[in-house]
Structure formats: C-alpha cells, structure tokens
Amino acid sequence: MASRMIACAGGIAAVAWFPKLLPLSLLLVALTVSLVLFRTGARRQAIAVVWVSVGLIYGTVSGLALETRILPAAYEGSDLQLVGVVVGEPSYSPHHGGRWRFTVRVEQWQSLTCCEARQLRLSYRSSQLVEAGQRWRMTVRLKRPRSFANPGGFDYARWLVSRGIHASGYVRQATLLGQQVSVRDDVVRYLREQLQPRAQGAILMALAVGERQGITDQQWTLFRQTGLSHLMAISGLHIGIAAGLGFFLGRLLTLALSRWLSGSTPLPALLALFTGLLYAWLAGFSIPTQRAWLMCLIMVGSVLLTRKVGRWTCWACALLVVLMVQPMASLTPGFWLSFIAVSILLLVFEREHRWRSIVRAQWMLLIGLMPLGLVFFDFFSPLSFPVNLIAVPLFSAVIVPLILLALCFELVSASFAQWLWSLADALLALFMNALTAVVGRLDFVAVNYRPDALSLLVIVLLVMLLLLPRAVPARYLALLLCVPLAARWLEPVENPALAAGQFELQVLDVGQGLSVLIKTRNHVLVYDVGPAFGPDFNLAEVAVLPVLRAEQVRKVDVLVVSHNDNDHAGAYSIVRAAYPGAVLYAGESLPESRPCLAGQRWRWDGVDFQFLHPQSKAVLANNDSNNQSCVLLVRSGEGIAVVPGDIEAKVESMLLPTMPSDISVLVAPHHGSKTSSSVAFVTQLRPAWVVFSAGYKHHFGHPAPAVQRRYQMAGSTQLTTAEAGRVSMLIGERGVEKVSAWRDGHRFYWQ
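The present account deals with the structure reproduced in this document.

### With respect to the environment of A361
Along the chain, A361 turns up in helix α13 (residues 356–368). Assessed through its relative accessible area of 3%, A361 is described here as buried. Residues A361 and R635 lie 274 residues apart in sequence; the distance between their C-alpha atoms is 55 Å.

### Here's the deal with the sheet that holds strand β1 (residues 79–93)
Pairing is mixed around the closed barrel formed by five strands, whose spatial order is β1-β2-β3-β5-β4. Between one strand and the next, the sheet's axes are offset by a mean angle of 50°, whatever the strand orientation. Alignment of strand β3 (residues 119–124) against strand β5 (residues 167–179), held across four bridges, turns out to be parallel. Of the residues in β5, the one forming a bridge with L120 is A167.

### Looking at the packing of helix α7 (residues 217–226) against helix α16 (residues 414–441)
In contact at an axis separation of 11 Å, α7 and α16 are set at 70° when each is read in the N-to-C sense. Here α7 lies roughly perpendicular to α16, going by the angle between them. In this structure, the crossing between α7 and α16 has a hand that is left-handed. The residues of α16 that touch α7, namely those facing Q219, L222, F223, Q225 and T226, are M432, L435, T436 and V439. Looking at the contact of α7 with α16, its residues break down into five nonpolar, four polar and no charged.

### Regarding the sheet that holds strand β15 (residues 607–613)
Taken together, the seven strands give an open sheet; going across it, the order is β14-β15-β16-β17-β18-β19-β20, and neighbouring strands pair in mixed fashion. Each end of this open sheet is capped by a strand with a single partner; those strands are β14 (601–604) and β20 (717–720). Taken over all neighbouring pairs, the strand axes of this sheet differ in orientation by 15° on average, direction set aside. With four bridges joining them, β14 and β15 adopt antiparallel strand pairing.

### Thoughts on the side chain of E648
By the element assignment, E648 lies in the loop between β17 (639–643) and α23 (649–655). Buried E648, no salt bridge; nearest opposite-charge side chain is K650, N-O distance 5.8 Å. Polar contacts involving the side chain of E648 include one to the side chain of N626, which spans 3.3 Å. In contact with E648, other than residues within four places in its own chain, are N626, N627, H670, T675 and S676.

Parameters and conventions
Residues numbered from 1 in each chain as written. Predicted model: local features only at pLDDT ≥ 70, side-chain atom pairs only at ≥ 80, totals over all residues. Heavy atoms only, no water. Helix = DSSP H or I, 4+ residues; strand = E, 2+ residues; numbered from the N terminus. Buried < 20%, exposed > 50% of the residue type's maximum accessible area, 1.4 Å probe, protein only. Pairing = 2+ DSSP bridges. Axes fitted to C-alpha atoms, helices over the stretch in contact; angles between N-to-C directions. Parallel < 35°, antiparallel > 145°, perpendicular 65-115°, else oblique. Left-handed = near helix turned anticlockwise from the far one by under 90°. Contact = heavy atoms within 4.5 Å. Nonpolar A, V, L, I, M, F, W, Y, C, P; charged D, E, K, R; others polar. Lys, Arg positive; Asp, Glu negative; His and termini not counted. Salt bridge = Lys/Arg side-chain N within 4 Å of Asp/Glu carboxyl O. Polar contact = N/O pair within 3.5 Å; in protein donor to acceptor, adjacent residues only side chain to side chain.

Right, here's the structure in full:
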C-alpha cells in the first residue's frame, strides 16, 4: 500500500515542476490503458502506471484550477479595487518611512468580474498599524507571480505559488473597515506582548506559535552556520513532544479515574492526538506540522482500530495527503527537507533501537540532508553534527516542554506561566551565548558551495552509499568518490569550459538595474551589482552572489562599479567582502577604489579589456553621475562587447571616434532610456545583439519604444532581461557563438 501511495504522490509532485501541463485527455487514456492491462493480468507492470497516472491527473486538475486563479496579464499595472482580510502575521520594515508586507485574502473584487485570484502578497507604505484579521478596502497595483530569473537565486514566484498566493504588488490607497480577529490571532498577540520584552522573546515566539519574524538576521546566520534552522520551524520533533505530553497527561488521568474507566481506555491516545493538533494549529498548520500531525493521526487511528499500520505506510499516507491538500508543496525546500529527514530517521530506528541510534540518527541526518542543503541553500555546515547532538536533546527534553507547559498554564495560572517563560528564556540565553562564543572562535564554520550537475550526482551517489546498512561490506569505500570532487574543486583552471580567446558575457536579471558577469578561462570580472532596497534586501545577495556560486566562481579578479547610482552600485561592498581579492574600479570615487580612466587596458587568456571612458579626472569631476560611468570594451578578434553603463547621448557622441563598428554585443546604455542610444551611436556600432537590463513593467518604461526601433533599423537582435531573465553569450574570435536566456529553460506552466 505504501508503494502505491508514494507513486500517486510522485505524480502529484511532478506536475508542480512541469513547464507545461499535459493534456488531461492523454492522461485519462494512459490511466484507461493501464487499468485494462491490470485487469488482463499484467498487474505488476500496470500497477505503478495506474497510481502515477492518478497522481498526474489530480495534479493536472489542480494545475488547471491554479491557472484560472493567477492574475490575468491584462490587469498587471492597473489600479484595482478590492475588499480583503489580512491573514498571517504582517512584517514591518522602518526603511523609507516604514513599509508593511502582508498577505490578503480577497473577499470581493470591486473592479474585476473575471479575476479569481484569492490571495495576494502586498506591500504598503504607511505608519498605520496593520494586523492580522483587519478588513480593508484597497486600491492596489498587481503583477503575476514573478521573480528574478538567474541560476542559483531565490525563486520568489515559486515561493508565492507554493503558498497559494496568486499575485503580488503594492497598496496605493487603503481604508480600514474593521477587524475580524480569530482565536489564534488573539493568542499570538497576547504572547507577543508577554514575550517580546524578553531577551530571547523572538525565539520563544517561534517555538510557541511558529511566528519567526522577530528573529534577527544575525541569529538566522548563526542557526544556518550551525545547522540549527530546523529547530526554529515547528515540525515533527515539536509535534511529537506535544503529543507525548498529551499521552502522559492521559495516562495520569486514566490512573486518577481508574475507578470509572476501563483498562483499555483510549483517553491517552486521544489526548495525544488533541495536544498535537492544538500545537499544529498554533503553528499555523505549516507543511512540517501537517506531515507530523497526519502521521500521529494515522498511528493513533491504527491503535484505536487495533490495526497494525507500518511506519512507512504512515509516512507515505502523510506524504500523499499533504500533496492532495497542497499540490504545489513540492516546490518548497521545507517539503523535501521534512519528508526526507523523517525517512532517514525511520531507516535508522528501523535497524536499531539502542541509545546509540540517537547519535547515529544525527550523523545520518547530516549526511543525508547535505545534498538538499547544497541544492536549496548553497550551504553545508560541518558543525551541524556536534551542535545538534547537544541542541536536539536540550530542546526536545527541556526547552520545548517548558514552552508547552507555559502555554498550558497560561489558562490556569498566569504567574506560574511567567516563571516557566523566564526559565525557558534563561536556558535559551545560555545556549545562544555559548553558541555565539564557539562560532566566534572558529575560523572555519560552514561551506558556501553550489555543485554543478555532475558534482551533485557524485555527491548524491556518495550519500546513498553511506546510508546503506552497516552490514553492507566495504560501504565506506564510497568515500573514494570524494577524489573526483576534490579534483574538480582543486582544478587550476577557473572556467575550464572556456578556451583561450573565448569569453562569456552574462547580463544578470536584477530588475531595474545592471549587473554583468564576464568570464575568461582563468579570470572573472563583475560589472555593477544591481540595486539595494534598504538594509534588508539587495540584489548583490539575491542575484549576484548566488550566480557566482552557481557558476563555481572561486575568485573575482576585478569588480567594476560604473557609477554611484543605487541601481548600479547597490550593495557592492557585500560582493567585495565575499571576494576580498578583487581589484575595485569605479567611475566615481569609492573607498579603496581605482578610477576607471580611458586608456587602461589588460589582457586575460587571449581576451583584451579596455576602459574607453571617463577620459580624464577632469571629466570625472564635471559630468553628472550617469555620464561618469565606466565604459568597458572587451575584444577577442572580431568578437567585441561593449558595456557602457548609463552614459547618455552627449558622452556617446564624444566617444564615437574611439568606438568600433559592427560589434557583436552591446549592453544598451542606461537600460534603453530615450536619453541614450542616439541614432549616430547605434548606426556606428550596429551591434549584432543588444541586451536591455530593465525591470518588468517598470514605471520608467525601459527600453523606450523609439530606442527599440533604432536597434531594429540597425539589424540588431534584441533581448530584455525582464522577459528573458539572465542572458548568457559565448563570444569568440569570430563573434557570438552561443546565446541562451535563463527563462527559456526554466519556466513553470503557470508563468
């Protein structure tokens, strides 16, 4: 039975990743054929196809329903009126006068008749308090779920859809109509008032009700470095403790009421189920809590019905039910981490039941989850094993039970509950201080690494072999697979796929901004880093660094900041800190930078680099910021690329005598603004390819239609990062040899 449920769940999970939905008629034919084969005797061959087909059909029907709920493209950027209720806990950032971010459940569209979007993710610049349960009349501007399209970066669109959010945008006007406060909202608000003043109040809130907004970036960094992030998400460990406390309470009640209750009373099992459900409800029924409580429900149900149900059947049933309730759950890292972690634990405790299995479980989790950590987070922490050996018993046996007891006593004795909160806070403070001290003394804490496809395959094979039972002879010979991994890591050539005389130019998708990556066989140059939007969000961390990790870049030789406008300079210091050996060139003065003056040139691996502008320090002092941009020319024989920053028509005219003609690639100056790409400039350069780095439906309207017509008249093939995502071009001595756009191969059916 477990295998059939896994097959069906696999079909549902697979649909979420499809670039295009399969025809429902084709799936029904496949199901019919497999059922016929099943009835005619070929059962073993047909049974898997039957259940996979059922899963594919269920996922496809859910996908068709999702497509009707995604905001229609025709309504993007328009003023839309709605009435909706704030759900979940809003987050607030004080940057730029204060901004709220929250999810709204739409009750009524007042300006649309055909839109079926039911949940929206909105931002609202306002000093007015936004709370869960509030009912608002809003004027909003929305767009379909969308994210920056680069390798290695966080896929915001996928995150939105996996949580049932059908559009995102911002509030232009809003009127508060009232408030519909749920019991959970009241509990969360009360606990926030009680716990916020405490030193570890944010962590207590995360463990009590799953609200993690208050955890600081420094604390999250510490948890990631030590592999403790899983303890901050209420999951199987926490639900199991809650259920265990309920079972223990049930046994006590059974003993106290033994005169009136029979010996086989189901009270302990029912209380275990109830306390687990109550804790999952407080945690907001996230995917890990759904999975954990469903497994508890199945196991308790089997006990009550006196039916023996295997642990793998429970696991498979929870997997199937979660995917039936949330068909897009497989898009989230938490889904994979949660179910694979439980499967590893089941394997360990199935083989042995001694106390040593606890140590072995931590070791197996470290090894088994390593590939997922590298894929989803570009991160692996060797500290995870020793730290979890201490942290998991401490949290499971002491801190989490104290929190659960405090929650219970809030209903009986608030003063005793406060004492329990104080005790849990003190223990957390001791633990966090010790953890901070240990990490602060270590030079090496974690590995930032994103393996390529071949390296990832080797790592997965290595992990699978190490997870085999100890009885398998010589299984540790699998460690020999580390040899090719080390050889790849120690490869003296930075970019072995590139030959001498070739270079790769990548225009990253950073919205309304610019970032360009140029690689030769042994060297790397980064030109600009995109914008920064306050202290909490910047494209250096969201796009540039993930791309560098995905591209296996171990060193950046040169970092160029064309000029100091935010959409180009952004958080350049973060890239500089990640690659401290990089030489910094800047069009305007920056700390420890060199001016990028015309005439500076160098040669890497048969490829020539040259700055064409600014032409002197006097020009640097007299021109406005845009026209101080570093203009970089890269040449390999007839393959020529020009990256001009934000220069405008007057500088273009000044540079024409030094500019080549019939170039291979031009990164359009100033994002395709009408103040740049003059007729004379476009006519002389006549680029075979022109790339516009611009935001999706941005209010600046880049690239300007007139500019696009000029390049069209010049015979240039045009690409825009807003539509294509990251644009990558391989350029050799004869010009452009290969062009690829990231979105072409990385689309989901709902995009």
